[in-house]
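Commentary on secondary and tertiary structure
The residues making up each chain are set out below.
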Amino acid sequence: MEKEKIIEQTISFVQKTLEHAEGGHDWFHIERVYKNTLLIAKEESVDTFIVSLGALLHDIADAKFHNGDETVGPKVARNFLERIAVAEDVIVHVENIITNISFKGGNFDQKFTSPELAVIQDADRLDAIGAIGIARTFNYGGFKNHKLYDPAIKPNLNMTKEEYKKSTAPTINHFYEKLLLLKDKMNTKTGKQIAAKRHAYMEQFLEQFYGEWNGEI
């Protein structure tokens, strides 16, 4: 099957699968990551077919919506790709991308690396910061009924992967536990350039937030 046709089928599969997904992890999230991936890939030496499939399928079954089970996403991706007769080596690469892309608290050893993973990881992390990152963070916090902010609950910067997955901390804490850390974890030149701008926007937002919270603005 032609690669373009496979990409088209994958897009349709993801759109249908995530039709009723939480707003920060729906098709539009996938579409933004896909676009960011193609943008970053222009400056990198990567297999565009693999980065396209990896970007489109990276959140096909996010563990946080499957009781923390990190095996569901790779399995769903494999079943779909086998069904449309994608080569085994490509399927294995996509599985590895899905397994290793997530932040997971930042305190775990990534067991797989590839230029394609590096590009998609940057694209996914870009969607977690800046204006859209802020919107997604509060959308998910509301979805989980987390507090906006509680000055008595301090951010935990040393969480294990399991603690990170089970955290019920206020949404503002997530900025310190993840979002503000991503700028320095980007892999590519393009990713770093875009991340710097989005990071600065988040810092401005937090300054405004605390000013309003404390009745100073």
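See the structure printed just above.
Residues numbered from 1 in each chain as written. Predicted model: local features only at pLDDT ≥ 70, side-chain atom pairs only at ≥ 80, totals over all residues. Heavy atoms only, no water.

**Examining the overall build of the chain**
Filter applied, for reference: Where helices and strands are cited, they refer to DSSP runs of H or I of at least four residues and of E of at least two residues respectively, numbered from the N terminus. For the radius of gyration, the atoms used are the C-alpha atoms, and the globule rule reads 2.2 Å times the number of residues raised to 0.38. Relative accessibility under 20% of the residue-type maximum defines a buried residue, over 50% an exposed one, and the middle range a partly exposed one, all with a 1.4 Å probe and only protein chains included. Contact between two residues is taken to exist if any of their heavy atoms lie within 4.5 Å; hydrogens are not considered. Only the protein chains shown count as covering a residue, and every accessible area follows the Shrake-Rupley method with a 1.4 Å probe. We count Lys and Arg on the positive side and Asp and Glu on the negative side, and we leave His and both chain ends out. By convention, the point assigned to a charge is CZ for Arg, NZ for Lys, CD for Glu and CG for Asp.
Helices and strands together make up the secondary structure of the chain, namely ten helices and zero strands. In the chain, the order of α-helices and β-strands from amino to carboxyl end is α-α-α-α-α-α-α-α-α-α. Over its C-alpha trace the chain gives a radius of gyration of 18 Å, about what one expects of a compact globule, namely 17 Å for 217 residues. Reported as C-alpha extents along the three principal axes, the dimensions of the chain are approximately 60 × 35 × 30 Å. Among the 217 residues that make up the chain, the fraction classed as buried is 49%. For the chain, the proportion of contacts with a sequence separation of at least 24, taken over those separated by at least 6, is 66%. A total accessible area of about 11400 Å² is found for the chain, and carbon and sulfur atoms account for 51% of it. Taken together, the 27 basic and 32 acidic charged side chains of the chain have centroids lying 1 Å from each other.

**A short note on the packing of helix H4 (residues 72-83) against helix H5 (residues 88-100)**
Quick note on the threshold: Here an axis means a line fitted to C-alpha atoms, over the contact stretch when the element is a helix, while the angle between two N-to-C directions is reported on a 0 to 180 degree scale. For this classification, under 35 degrees means roughly parallel, over 145 means roughly antiparallel, 65 to 115 means roughly perpendicular, and everything else is oblique. Working rule for handedness: look at the near helix, and if it is turned counterclockwise from the far one by less than a right angle, call the crossing left-handed; if clockwise, right-handed. Three categories are distinguished: nonpolar for Ala, Val, Leu, Ile, Met, Phe, Trp, Tyr, Cys and Pro, charged for Asp, Glu, Lys and Arg, and polar for the others, with Gly belonging to the last.
One way to put it is that H4 packs onto H5 with a least axis distance of 9 Å and a crossing angle of 160 degrees. Here H4 is positioned roughly antiparallel relative to H5, judged by the angle of their axes. Two packed elements cross with a definite hand, and for H4 against H5 that hand is right-handed. Contact with H4, carried on its side by Gly 73, Pro 74, Ala 77, Arg 78, Leu 81 and Glu 82, involves Glu 88, Ile 91, Val 92, Val 94, Glu 95, Ile 98 and Thr 99 of H5 and no other residues of that element. When the residues that make up the contact of H4 with H5 are grouped by side-chain class, the tally is seven nonpolar, two polar and four charged.

**Brief notes about unusual backbone geometry**
Positive phi, normally seen in glycine, also occurs at Ala 85, with a value near 65 degrees. Mapping Ala 85 onto the fold places it in the loop between H4 and H5. Its identity as a non-glycine residue notwithstanding, Asn 145 has a phi of 60 degrees, on the positive side. With respect to the helices and strands, Asn 145 occurs in the loop between helix H7 (130-143) and helix H8 (161-166).

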